[in-house]
Amino acid sequence: MSAQRPLTAANFVVRLIETAAPVSAVLSSIVPAPETGFSECSGLEATMMVDEYSEGGRNTGVLKFPGRVKHPNIKLRRGVTSSLDLWRWHEDFLRGRGRRRDGIIQLRNDTGDVVRSWRFQRGLPTRWAGPPVNALGSQIAIEELEIAHEGLIVRSLGAAGEIAATISSVAESFGRL
């Protein structure tokens, strides 16, 4: 077995896909949705809660069972540009007409091949933050979007696997309607 070199976390791409449009979701795997450049992505986590049961007469310990899985919000940060796409997605929800989006975060190797991907389902933009502005500063203006979601799927596959994962994800979404 050969040793594998760990990847750097700097080469990643984020795609946001309309959840309500299944055809759009499947097509985005074949003809990818536009990549959105972010400088940082956090919240790719899953924590399983543990349910405890104190059985009568068993004084040596407590029984533990797997419980619900919780996912923190995903936080995306990027430099401010002339594009208002993130703000408009958030604002649509503020005005009561928003549409959820699935998302794909892809980690790439040095040659640009996708090595690992995380897919979140039914994303909901819960927080948008603009940059602090200061006439004396020289930092890059950064905007942040926080997305609540209903699940995270981790894959280590290429393009064909991504298409299959998208079709599976869309089928699951229909099952929940």
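Located above this text is the structure these notes cover.
Below is a short write-up of the structure. (Residues numbered from 1 in each chain as written. Predicted model: local features only at pLDDT ≥ 70, side-chain atom pairs only at ≥ 80, totals over all residues. Heavy atoms only, no water.)

1. Quick word on the overall build of the chain
On a plain count of helices and strands, the chain comes out with three helices and nine strands. Each helix and strand of the chain, placed in order from N terminus to C terminus, yields the pattern β-α-β-β-β-β-α-β-β-β-β-α. The buried share among the 177 residues of the chain stands at 29%. (Helix = DSSP H or I, 4+ residues; strand = E, 2+ residues; numbered from the N terminus. Buried < 20%, exposed > 50% of the residue type's maximum accessible area, 1.4 Å probe, protein only.)

2. What about the nonpolar core?
Grouped together as the largest cluster of nonpolar side chains are 15 residues, with contacts concentrated most on Ile105, Phe120 and Ile147. When residues of this core are traced back to their parent elements, those giving at least two are strand E1 (12-18), strand E5 (74-79), helix H2 (85-94), strand E6 (101-108), strand E7 (114-129) and strand E8 (142-148). Each residue touching isoleucine 147, except ones within four places of it in the same chain, is listed here: Leu16, Asn73, Ile74, Leu76, Trp89, Phe120, Gly123, Leu124, Pro125 and Thr126. (Core = buried A, V, L, I, M, F, W, Y, C linked by side-chain atoms within 4.5 Å. Contact = heavy atoms within 4.5 Å.)

3. Some thoughts on unusual backbone geometry
Phi at arginine 122 takes a positive value of approximately 55°, unusual for a residue other than glycine. Position of arginine 122 among the secondary structure elements: in strand E7. Owing to a relative accessible area of 23%, arginine 122 belongs among the partly exposed residues under this scheme.

4. Focus: the packing of aromatic side chains
Inspection of every chain in the model, using the stated rule, returns one aromatic pair. On the basis of an interplanar angle of 65° and a centroid distance of 5.0 Å, the ring pair of tryptophan 87 and tryptophan 128 is categorised as edge-to-face. With tryptophan 87 in helix H2 and tryptophan 128 in strand E7, this pair connects stretches of sequence that are 41 residues apart. (Phe/Tyr/Trp six-rings, centres within 6.5 Å; stacked < 30°, edge-to-face > 60°.)

5. Considerations on the side chain of aspartate 102
Residue placement: aspartate 102 occurs in strand E6. A distance of 2.8 Å separates the side chain of aspartate 102 from the backbone nitrogen of arginine 122, its partner in a polar contact. (Polar contact = N/O pair within 3.5 Å; in protein donor to acceptor, adjacent residues only side chain to side chain.)

6. Things to note about the pattern of salt bridges
Per the counting criterion, the structure on display carries 11 salt bridges. The partner of aspartate 85 in a salt bridge is arginine 78, and the shortest N-O contact between them spans 2.6 Å. Here arginine 78 falls in the buried class, since its relative accessible area comes to 7%. With its nearest N and O atoms 3.4 Å apart, the salt bridge here joins arginine 100 to glutamate 150. Here arginine 100, found in the loop between H2 and E6, pairs with glutamate 150, found in the loop between E8 and strand E9 (152-155); they are 50 residues apart in sequence, far enough to count as distant. Since its relative accessible area comes to 24%, arginine 100 is described here as partly exposed. Judged by its relative accessible area of 39%, glutamate 150 is partly exposed. By sharing partners, the salt bridges in this structure join Glu40, Arg77, Arg127, Glu144 and Glu146 into a single network. (Salt bridge = Lys/Arg side-chain N within 4 Å of Asp/Glu carboxyl O.)

7. Observations concerning the environment of proline 6
In this fold, proline 6 is placed in the segment before E1. Proline 6 gets classed as exposed once you look at its relative accessible area, which sits at 68%. Once the C-alpha coordinates of proline 6 and asparagine 109 are considered, the two residues, 103 residues apart in sequence, prove to be 9.5 Å apart.

8. A word on H2
An α-helical turn contains 3.6 residues, so a residue and the one three or four places further along point in the same direction. Among all positions in H2, only Leu86, Trp89, His90 and Glu91 are buried. Residues of H2 that are buried in the fold lie against E1, E5, E6, E7 and E8. Backbone geometry just downstream of H2 places glycine 96 in the positive-phi region, at approximately 85°.

9. Some points on the environment of isoleucine 140
Tracing the backbone shows isoleucine 140 in the loop between E7 and E8. For the pair formed by isoleucine 140 and glycine 79, sequence separation is 61 residues and the distance between their alpha carbons is 6.5 Å.

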